[in-house]
Amino acid sequence: MRIVDLVRAPAVPRDGWDRPLVVPKSGGKPVPLTRTTTYIDCIEDKTALSGWKSRMTLVGAARRPSMLDVVNQLDPEVPDDKRRLNALTEQAMEIAGAHAKREKGTHLHTLSEFVDRGEPLPAGTTVGDQRDMAAYLGATVEFDVKAVEKFVVVPELGTGGTFDRLLQYAGPGPDGKPIEGDFIGDVKTGSIQYGGLKMATQLAVYSRGELYDYSRFPVDPTDKKTFAAWKKREVPAEEAAQAYNVLPGVSQKWGIIIHLPSGSAQCTLHWVDLEIGWAAAKLAREIRAIRGTKGAMRPWVTGLTK
């Protein structure tokens, strides 16, 4: 059996900025944490991403020329118009199919869990998806999947996030020498050509996290009255601490990327250096802290003062 633990808790409660709400280990009210991917985003070179978004916006507008009639009536300097233009930009990207790969990636993640459980793929699975899953199985056959999609908290950074896989592996390591243990794994379905540092950083943060069982503090976020009361509840420290568990024996030196490009029928494995990633995570902490520094610019003073 490939999977040891596939117990799923309800979705983690989130605030209006999509930040996970977590009861601190020391007790108290739920507090928002920065998403891991958001926290480390400041170290990424977004040149390629910005160019891609611009191109997809143009493609979407070309496919729906009537959108330009609306655009021509808006002033990008007026706040309300800016919001409408932002919405139109998202709409144009949607028309161009910008989110199709993301949705496909989510679909492949779901199918890969069937593979890890040793279950047949759902009826109606396309031939292309079947080939992708065969490639996934072939590439990961040496892994025992100990857990899938576990939420962890890193108090040192004030982050929370969910890793894809906890993998048990014994065999050749990055240098060809034998290696054995548990490793954080992540399934990537998009391009990984330029994302090595960010992926190493993401997995490094997860590897230093504590498992947090948010199902101990259940709430229905759609029930506004109940949710508001839940956010004000003071949880005793002893009760809060029971929601936290160490992530025992997980390598903080190496992580594993499982690259499964959609429709390629190919799956490759890659080691990522988590020590480099952790150094980048600490750099991200410094960058985020210094962004809050005030007084870097001051008004010009004319004349002499006594």
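For the structure itself, look to the data block above.
Here is a short report on the structure shown in this document.

About the cut-offs
- Residues numbered from 1 in each chain as written.
- Predicted model: local features only at pLDDT ≥ 70, side-chain atom pairs only at ≥ 80, totals over all residues.
- Heavy atoms only, no water.
- Helix = DSSP H or I, 4+ residues; strand = E, 2+ residues; numbered from the N terminus.
- Buried < 20%, exposed > 50% of the residue type's maximum accessible area, 1.4 Å probe, protein only.
- Contact = heavy atoms within 4.5 Å.
- Lys, Arg positive; Asp, Glu negative; His and termini not counted.
- Charge placed at Lys NZ, Arg CZ, Asp CG, Glu CD.
- Phe/Tyr/Trp six-rings, centres within 6.5 Å; stacked < 30°, edge-to-face > 60°.
- Lys NZ or Arg CZ within 6 Å of the ring centre and 35° of its normal.
- Expected span 1.5 Å × (residues − 1).
- Salt bridge = Lys/Arg side-chain N within 4 Å of Asp/Glu carboxyl O.
- Axes fitted to C-alpha atoms, helices over the stretch in contact; angles between N-to-C directions.
- Parallel < 35°, antiparallel > 145°, perpendicular 65-115°, else oblique.
- Core = buried A, V, L, I, M, F, W, Y, C linked by side-chain atoms within 4.5 Å.
- Polar contact = N/O pair within 3.5 Å; in protein donor to acceptor, adjacent residues only side chain to side chain.

1. Focus on the overall build of the chain
Inference 1: Along the chain, the regular secondary structure elements total 10 helices and 11 strands.
Inference 2: Here the C-alpha coordinates of the chain stretch approximately 75 × 55 × 45 Å along the principal axes.
Inference 3: By residue count, 39% of the 306 residues in the chain fall in the buried class.
Inference 4: The long-range fraction of contacts in the chain, counting pairs at least 24 apart against all pairs at least 6 apart in sequence, stands at 64%.
Inference 5: Here the chain carries 41 positive and 38 negative side-chain charges, and the mean point of each set is 5 Å from the other.

2. A closer look at the packing of aromatic side chains
Inference 1: Enumeration over the complete set of coordinates arrives at 11 aromatic pairs.
Inference 2: Summarising the aromatic geometry, the rings of F151 and Y214 are spaced 5.5 Å apart at their centres and angled 85° between planes, so their arrangement reads as edge-to-face. Of this pair, F151 sits in strand β5 (residues 144-154) while Y214 sits in the loop between β8 (210-212) and α8 (224-232), and the two are 63 residues apart along the sequence.
Inference 3: Given the relative accessible area of 5%, F151 is considered buried.
Inference 4: The class of Y214 is buried, set by a relative accessible area of 16%.
Inference 5: Grouping aromatic residues by their ring pairs yields a cluster made of F143, Y169, F183, W254 and W271.
Inference 6: Looking at R117, its charged tip hangs above the ring of F114, at a distance of 4.7 Å from the centre.
Inference 7: Across from the ring centre of W254, 4.7 Å away, lies the NZ or CZ of K253, which sits over that ring.

3. Some words on helix α7 (residues 196-207)
Inference 1: With 12 residues, α7 should reach 16 Å at 1.5 Å per residue; the first-to-last C-alpha distance of 16 Å fits that figure.
Inference 2: Burial runs high along α7: nine of the 12 residues are buried.
Inference 3: Every buried residue of α7 is listed here: M199, A200, T201, Q202, L203, A204, V205, Y206 and S207.

4. Description of the pattern of salt bridges
Inference 1: Inspection of every chain in the model, using the stated rule, returns 19 salt bridges.
Inference 2: Salt-bridge contacts for R35 lead to D18; the nearest nitrogen and oxygen are separated by 3.2 Å. In this pair, R35 sits in strand β4 (residues 34-35) while D18 sits in the loop between β1 (3-5) and β2 (21-22), placing the two residues 17 residues apart along the sequence.
Inference 3: For R35, a relative accessible area of 33% translates into the label partly exposed.
Inference 4: With relative accessibility at 35%, the residue D18 sits in the partly exposed group.

5. Considering the environment of M133
Inference 1: Mapped onto the secondary structure, M133 falls in helix α6 (residues 127-140).
Inference 2: Put simply, M133 and A265 are 132 residues apart on the chain and 7.6 Å apart in space, counted from C-alpha to C-alpha.
Inference 3: In this structure, M133 is in contact with L108, L111, S112, V115, L121 and L260, ignoring residues within four places of it in sequence.

6. Observations concerning the packing of α7 against helix α10 (residues 274-290)
Inference 1: At a minimum axis separation of 7 Å, α7 and α10 run at an interaxial angle of 90°. When the axis of α7 is compared with that of α10, the two are roughly perpendicular. Residues L197, A200, T201, L203, A204, V205 and S207 of α7 pack against L274, I276, G277, W278, A280 and A281 of α10.

7. Remarks on the nonpolar core
Inference 1: Core analysis: the biggest nonpolar cluster contains 27 residues, and L157, F163, I184, V205 and W278 have the highest contact counts within it.
Inference 2: Those elements giving two or more residues to this core turn out to be β5, β6 (159-172), α7 and α10.
Inference 3: For this core, the element with the highest residue contribution is α7, accounting for six residues.
Inference 4: Once you skip the residues sitting within four places of it in the chain, F163 turns out to touch V148, E149, K150, V152, I184, Y206, L211 and L247.
Inference 5: By size, the runner-up hydrophobic cluster in this structure holds 19 residues, among which are V145, V148, I179 and W254.

8. Thoughts on the environment of V205
Inference 1: If you trace the backbone, V205 turns up in helix α7.
Inference 2: Placed 72 residues apart in sequence, V205 and G277 show a C-alpha to C-alpha distance of 7.8 Å.

9. Some words on the side chain of D132
Inference 1: Topologically, D132 is positioned in helix α6.
Inference 2: For D132, which is buried and forms no salt bridge, the nearest opposite charge comes from K104, at a distance of 5.9 Å.
Inference 3: A distance of 2.7 Å separates a polar side-chain atom of D132 from the backbone nitrogen of G263.
Inference 4: Apart from residues no more than four positions distant in its own chain, D132 is found in contact with L108, L260, P261, S262, G263, S264 and A265.

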